[in-house]
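For reference, the chains in residue letters:
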Amino acid sequence: GMQSYLQALLSLYKLFCPEQVTITLPGKMKTYFKNSEGPWKAAITAVRQRNQGTSPVSQAVFLGTSLPQSRKRKWNAQLVIPASSTNTNSLEEDREKNRVYLYSTSDSFPVEQLRTFPQLLQNIHCLEFPSQMGSVLTNSLLLHYMNCVKDESIYLRLYYWMGQMLQEECTWCVVDNPYEEEFKRFLETIYKAECFLQEGFSACEEFLYKTLPLWDGFCCRSEILRLVSWIPPSSFSDIKSYLYDPLAQLFFTSSIYFKCSVLESLKELLQNWLNCNVIQEDLEFSS
């Protein structure tokens, strides 16, 4: 039958290829598909208004979605990475109040008490990651632990948290975002964690691929190019479409300094890939 969503799909086909759809469709239908040019139109309008010296109303241009100002901003004016903590304390309080022993917490070592590397070695079998995975980025001992454990769920938790934070706080996807310095520090924290682990985060890779086409080449330049150097090895077609092509558009229209910065970043990317390949070959040879 002619369900409404099928009619919407056929109307989209008829818009671009009218000769392929010969049936008559109703004139008024609910809009099922967003305008794909929305982000570009909003970005162009923002640049025009900024060059004219006017202060435009903030418009979200992130992947065609109208993202509101970060909900966190209503209650907290700063981008803060949470401190290391577990649910152990709250469980202890609840246990004392209710006199119900859900389980023994004596077997686990609270991460907030982790201070030295010998402590990590002695308690590595009974550690648990904090309830807020973002705190791992600023804790070298937990990064060591993360590198040793190689638990997929840990990387997934960090992937979802980091992806959401990068999307909400990206300063060039929201016009006149006043928190550029905070976002720079956040990107720098991610970069330092990647250098420590000697590998890039998949959430950061997706963020770069999605936002580089909207990037002006100026905002957070050094931080973005540093993150580019830690993109994990992937297929050439993906790299060309999502990395080289957006950078090439900026490369040919920018200053000598920007050109040199891009070349330096790509050189470091190649070095990291070679190092990763050598390590992988050593592991395969030893196994």
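Just so it is clear, the model here is predicted, and its values are computed rather than measured.

**Q** Hey, could you go over unusual backbone geometry for me, with residue numbers and the actual values?
**A** Unlike most non-glycine residues, Q198 shows phi in positive territory, near 60°. Relative to the helices and strands, Q198 resides in the loop between α7 (180-197) and α8 (202-211). Unusually for a residue other than glycine, C220 sits at a positive phi of about 55°. Tracing the sequence through the fold places C220 in the loop between α8 and α9 (221-228). Under the relative-accessibility criterion, C220 is labelled buried at 1%.

**Q** An account of the side chain of K259 is needed here, citing residue identities and associated values.
**A** Among the secondary structure elements, K259 is positioned in helix α11 (residues 256-286). Salt bridges are absent for the buried K259, whose nearest opposite-charge side chain, D216, sits at 15 Å. Engagement of the side chain of K259 in a polar contact is seen with the backbone oxygen of F251, the distance being 2.9 Å. Residues in contact with K259, not counting those within four places in the same chain, are F251, F252 and S254.

**Q** Now, about the packing of α8 against α9: what can you tell me, with residues and values included?
**A** Taken N-terminus to C-terminus, the directions of α8 and α9 make an angle of 120°; their axes are 10 Å apart at the nearest point. Classified by the interaxial angle, the pair formed by α8 and α9 is oblique. When you trace α8 past α9, the crossing you get is left-handed. Contacts between α8 and α9 involve C204, F207 and L208 from the former and I224, L227 and V228 from the latter. Here the contact of α8 with α9 is built from residues that sort into six nonpolar, no polar and no charged.

**Q** I'd like a description of the packing of aromatic side chains, backed by residues and values.
**A** Inspection of every chain in the model, using the stated rule, returns 10 aromatic pairs. Considering the side-chain rings of W172 and F207, the 6.0 Å spacing of their centres and the 45° angle between planes classify their relative orientation as tilted. Here W172 is found in the loop between α6 (152-169) and α7, whereas its partner F207 is found in helix α8, with 35 residues between them in sequence. Classification of W172 by relative accessible area gives buried; the value is 12%. Among the aromatic residues, those joined into a cluster by ring pairs are W172, F183, F207, W215 and F258. The ring centre of F251 lies 5.5 Å from the NZ or CZ of K259, which sits over that ring.

**Q** How would you summarise the nonpolar core if you had to cite specific residues and measurements?
**A** Across soluble globular proteins, you tend to see nonpolar side chains buried next to one another. W172, F201, W215 and I224 are the most contacted members of the largest nonpolar core, which totals 56 residues. Secondary structure elements with two or more residues in this core: α5 (140-149), α6, α7, α8, α9, α10 (236-251) and α11. With near-sequence residues (within four places) excluded, W215 lies in contact with W172, R221, I224, L225, L247, L250 and F258.

Cut-off values and rules
Residues numbered from 1 in each chain as written. Predicted model: local features only at pLDDT ≥ 70, side-chain atom pairs only at ≥ 80, totals over all residues. Heavy atoms only, no water. Helix = DSSP H or I, 4+ residues; strand = E, 2+ residues; numbered from the N terminus. Buried < 20%, exposed > 50% of the residue type's maximum accessible area, 1.4 Å probe, protein only. Lys, Arg positive; Asp, Glu negative; His and termini not counted. Salt bridge = Lys/Arg side-chain N within 4 Å of Asp/Glu carboxyl O. Polar contact = N/O pair within 3.5 Å; in protein donor to acceptor, adjacent residues only side chain to side chain. Contact = heavy atoms within 4.5 Å. Axes fitted to C-alpha atoms, helices over the stretch in contact; angles between N-to-C directions. Parallel < 35°, antiparallel > 145°, perpendicular 65-115°, else oblique. Left-handed = near helix turned anticlockwise from the far one by under 90°. Nonpolar A, V, L, I, M, F, W, Y, C, P; charged D, E, K, R; others polar. Phe/Tyr/Trp six-rings, centres within 6.5 Å; stacked < 30°, edge-to-face > 60°. Lys NZ or Arg CZ within 6 Å of the ring centre and 35° of its normal. Core = buried A, V, L, I, M, F, W, Y, C linked by side-chain atoms within 4.5 Å.

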